[in-house]
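Given next are the chains, with one letter for each unit.
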Amino acid sequence: MKGNKYEIDMCNGTIMDKLISFSLPLMISSILQLMFNAVDIIVVGRFSGSQALAAVGSTTALINIFTNLFIGISLGANVLAARYHAAKRDREMSEAVHTAIALALVSGILMAFVGVGVSRLALEVMETPADVIDQSVTYMRIYFMGMPFFMLYNYGAAILRAVGDTKRPLVFLIVAGLANVVLDLLLVIVIPLGVAGVAIGTVASQMISCILVLWCLCRTEASYQLHFSRLRIRGIYLKRIFQVGIPAGIQSTVISFSNALLQSSVNSFGSTAMAGYTAANNILGFLYVAVNAVTQACMSFTSQNYSVKKTKRMDRVFVDCLILSAGVAAVLGIGAYLLGTQLLSIYTSDPDVVQCGLEILSITTVPYFLCGIMDLIPGALRGMGRSAVPMVLSVIGTVGTRVLWIYVFFPHHRSLYFLFISYPGSWIATILMQAVCYYFVRKQCRKELQVE
C-alpha cells in the first residue's frame, strides 16, 4: 500500500539532512522522556527527601537488567521491518509487524510477573541500604506492573522508526509525559504517596503512550497496519527478529549488569553518594539518548540500503553518522561538564549530594563522544544483520573492563572519581575491538552482495 508523509526515503537522495530529520525528533523524544523521568527524581528528591531520591535511583540499574533483553529484541523487529519496507515486501512486512506486537505483549506480561516477584531479592543482592530498601521495593513493583504498556510502546515505536517515522512518537511522548508530570505533582505533593506516587505516574504515562502508538499503527493505510485479530507469533519472523534482537538484548543486559555492579560499589558509600549518582546518572542519560538517536538512524538507514544492495550509500551513512554522533556528544558533554553544579542543583539542594555527582560528571562527560562511537558501530553492524559478534566484543570490552576495574583497582583507591574512570576506559577498549570487527564485516558484506 501507499506510504504516508511521515515516512523517509532512506535509499535515495541526500543523506545528512535525512539523518537529521530522522534523528532530531527521536533525540527530542528521548530527551523529553528523560526530562519527564527527571521530574520523578526532582519531585521525590525535593518533597520526599534524599532517602526517597536514593530509593528511586537504586532501582535504575536493576530495571535495566530486567528490561533490556526485550528492548534489545525490539531492534530486531526494527531491522526486519526496515528491510521489508525498503524491498516493498508488503505481506512479509505485515506478518513481521503482527509477530513483533504479539511478542511485545507476551514479554510485557512475563516481565510484570518476574519483576514484581523478585524485586526485593534483587535489591538485597545489590546490598541496597536498609534505610531505603522498602521504598525501592515499592517503586520497582509498581513500575513493573506497567511492563505490558512499556513493551508495546517500544515495539510499536520500533516499527515506526523502521519506515522513518520518528515525528508521531514524539507527539505521543509529549502527551504522555505531560500526564506524568501532572500525576507526579498530584501524587507526591498534593497526595503525599512518595515513591509510590511517582511510580504510579510513570505507569499511567506508559499506558497513554502505548495506546497512542497502537492507535497510530491501526489507523495507517501502509503495509505495517495493525489488526488485533491477526496477532500471532509466526516462527519464521520470530527467528529473524531474534537473530538480530537477542544478541542486542544480551549485550544491553550484560552491560546493565556491569552498571549494577557499579551501583553496588556506589551503594557502599551510603545514601548520599547514591543520591549523587542518581542525579549524575540522569544527566548522563541525556547524553546517551542523544547519541543513541543517531545510532537508531544508522541502523534503520543501513538496514534499508542493505536490503536494496546500496553498499556505497551504507558507507556514506556510517561516516555521516560518525560526524553527527561525535558532534552532538562533544557539545552536550562539554556543556554538562561546565554546568555540572547548576544541573545537579536542580535535583537536590544538599551540597554533599551535589559534590558526589560532580565527582562522577568530571570524568564521564567530556569524553562522552567515545560512548557515541562505541554505540554507533554495533548499530551499523546490526543494520547489516550482524549482531552476535559486536555483542561479544561489547561484553568483553565494556563489561570486562568495568569488572576488572571494580574488583582489582577500585578497592585500593576508593573514590567515586576513580570508580568512574572505568567508563571512558571501557569505551576506548570496546571501540578498538569493534572497529576491527566492522572492517571485516563490511568486507564480507561487499562480497555477499556482489559489489565491486
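Here the structure is a predicted model, which means the values were calculated and not measured. (Residues numbered from 1 in each chain as written. Predicted model: local features only at pLDDT ≥ 70, side-chain atom pairs only at ≥ 80, totals over all residues. Heavy atoms only, no water.)

Enquirer: An account of the overall build of the protein is needed here, citing residue identities and associated values.
Expert: The number of helices and strands found in the protein is 17 helices and zero strands. Compactness check: the protein gives a C-alpha radius of gyration of 21 Å against a globular reference of 22 Å for 452 residues, within 12% of the reference. Considered along the principal axes of its C-alpha atoms, the protein spans approximately 60 × 45 × 35 Å. Scored against the burial criterion, the 452 residues of the protein give a buried share of 60%. (Helix = DSSP H or I, 4+ residues; strand = E, 2+ residues; numbered from the N terminus. Rg over C-alpha atoms; globule rule 2.2 N^0.38 Å. Buried < 20%, exposed > 50% of the residue type's maximum accessible area, 1.4 Å probe, protein only.)

Enquirer: Requested: an account of the pattern of salt bridges, with residues and values cited.
Expert: In this structure the tally under the stated criterion is five salt bridges. E92 serves as the salt-bridge partner of R89, at 3.5 Å between the closest nitrogen and oxygen. Among the ionic pairs, R91 bridges to E95, the shortest N-O distance being 3.4 Å. Of this pair, R91 and E95 both sit in helix α4 (residues 90-125), separated by four residues, roughly a single helical turn. Its relative accessible area of 53% is what places R91 among the exposed residues. (Salt bridge = Lys/Arg side-chain N within 4 Å of Asp/Glu carboxyl O.)

Enquirer: An account of a nonpolar patch on the surface is needed here, citing residue identities and associated values.
Expert: Taken together, L185, L186, I189, V190, I191, L193 and I200 make up a surface patch of nonpolar side chains, about 550 Å² in accessible area. Broken down by element, the residue count for the nonpolar patch peaks at four residues, all from helix α7 (residues 167-190). Counting through the fold element by element, L193 comes out in the loop between α7 and α8 (195-219). (Patch = residues over 30% accessible without salt bridge, like charges linked within 9 Å, V, L, I, M, F, W, Y side chains within 5 Å. Areas by Shrake-Rupley, 256 points an atom, 1.4 Å probe, with all protein chains shown as cover.)

Enquirer: Lay out unusual backbone geometry with the relevant residues and their values.
Expert: Backbone geometry follows two general trends: most residues other than glycine have a negative phi, and most peptide bonds adopt the trans configuration. Although it is not a glycine, K88 adopts a positive phi angle of roughly 60°. With respect to the element layout, K88 can be found in the loop between α3 (60-86) and α4. One non-glycine residue, K309, adopts positive backbone phi at about 65°. Here K309 is to be found in the loop between α10 (271-307) and α11 (311-338). Given a relative accessible area of 51%, K309 falls into the exposed group.

Enquirer: Pulling in residues and values, what's your account of the nonpolar core?
Expert: Counting 69 residues, the largest nonpolar core has L19, V266, M384 and F420 as the members making the most contacts within it. The element that contributes the greatest number of residues to this core is α10, accounting for 18 residues. For L19, the contacting residues outside a window of four places in its chain are A297, F301, V317, D320, C321 and L324. Within the second largest apolar cluster, 67 residues are counted, among which are F70, I73, L80 and F172. (Core = buried A, V, L, I, M, F, W, Y, C linked by side-chain atoms within 4.5 Å. Contact = heavy atoms within 4.5 Å.)

Enquirer: Could you give me a rundown of the packing of aromatic side chains, with the residues and numbers involved?
Expert: What the rule picks out here adds up to 13 aromatic pairs. Ring plane angle 80° and centroid distance 5.2 Å describe the contact between Y439 and F440, whose orientation is recorded as edge-to-face. For the pair Y439 and F440, a shared accessibility class is recorded, and that class is exposed. Among the aromatic residues, ring-to-ring pairing joins Y277, Y368, F420, Y423 and W427 into one connected group. One Lys or Arg, R402, reaches over the ring of Y423 and ends 4.3 Å from the middle of that ring. Note that R414 overlies the ring of F269, its terminal NZ or CZ placed 4.7 Å from the centroid. (Phe/Tyr/Trp six-rings, centres within 6.5 Å; stacked < 30°, edge-to-face > 60°. Lys NZ or Arg CZ within 6 Å of the ring centre and 35° of its normal.)

Enquirer: For the environment of I250, give the residues involved together with the corresponding values.
Expert: Along the chain, I250 falls in helix α9 (residues 235-267). When the C-alpha atoms of I250 and V43 are compared, they prove to be 33 Å apart, with 207 residues separating the residues in sequence. With near-sequence residues (within four places) excluded, I250 lies in contact with L69 and M391.

Enquirer: Explain the packing of α4 against helix α6 (residues 147-162) to me, and be specific about the residues and the numbers.
Expert: Relative to each other, α4 and α6 sit at 155°, their axes nearing to 7 Å. Taken together, the axes of α4 and α6 lie roughly antiparallel to each other. Two packed elements cross with a definite hand, and for α4 against α6 that hand is right-handed. Contacts from V97, A100, I101, L103, A104, L105, S107, G108, I109, M111 and A112 in α4 reach M147, P148, M151, L152, Y155, G156 and I159 in α6. Tallied by class, the residues present in the contact of α4 with α6 amount to 15 nonpolar, three polar and no charged. (Axes fitted to C-alpha atoms, helices over the stretch in contact; angles between N-to-C directions. Parallel < 35°, antiparallel > 145°, perpendicular 65-115°, else oblique. Left-handed = near helix turned anticlockwise from the far one by under 90°. Nonpolar A, V, L, I, M, F, W, Y, C, P; charged D, E, K, R; others polar.)

Enquirer: Would you mind going over α10 in detail, with residue names and values included?
Expert: Over its 37 residues, α10 extends 51 Å from the first C-alpha to the last, a length consistent with the 54 Å expected when each residue adds 1.5 Å. Of all the 37 residues making up α10, 32 are buried; the element is thus mostly covered by neighbouring parts of the structure. (Expected span 1.5 Å × (residues − 1).)

Enquirer: An account of helix α15 (residues 388-409) is needed here, citing residue identities and associated values.
Expert: Given a rise of 1.5 Å per residue, 22 residues ought to cover 32 Å, and the 30 Å separating the end C-alpha atoms of α15 matches this to within 8%. Residue G400 marks the point of greatest curvature in α15, where the axis turns by about 25°. Listed in full, the buried residues belonging to α15 are P390, M391, L393, S394, G397, T398, V399, R402, W405 and I406. (Bend = angle between axes of the 7 residues up to and from the residue.)

Enquirer: Report on the confidence of the model for the protein, specifying residues and quantitative values.
Expert: Any segment with low pLDDT has predicted coordinates that should not be analysed in fine detail. Predicted confidence across the protein gives a mean pLDDT of 86, with 94% of residues reaching 70 or more. Mean pLDDT in the protein bottoms out at helix α2 (residues 50-57), which sits at 68, and peaks at α11, which reaches 93. (pLDDT = per-residue confidence, 0-100.)

Enquirer: So what's going on with the packing of α9 against α10? Which residues, and what values?
Expert: At a minimum axis distance of 8 Å, the contact between α9 and α10 shows a crossing angle of 140°. As far as their axial angle goes, α10 and α9 are oblique. On α10, the residues that touch N259, Q263, V266 and N267 of α9 are A273, M274 and Y277. A breakdown of the residues in the contact of α9 with α10 according to their chemical character gives four nonpolar, three polar and no charged.

Enquirer: Any details on the side chain of S107? Residues and values, ideally.
Expert: Along the polypeptide, S107 turns up in helix α4. In contact with S107, other than residues within four places in its own chain, are F70 and M151.

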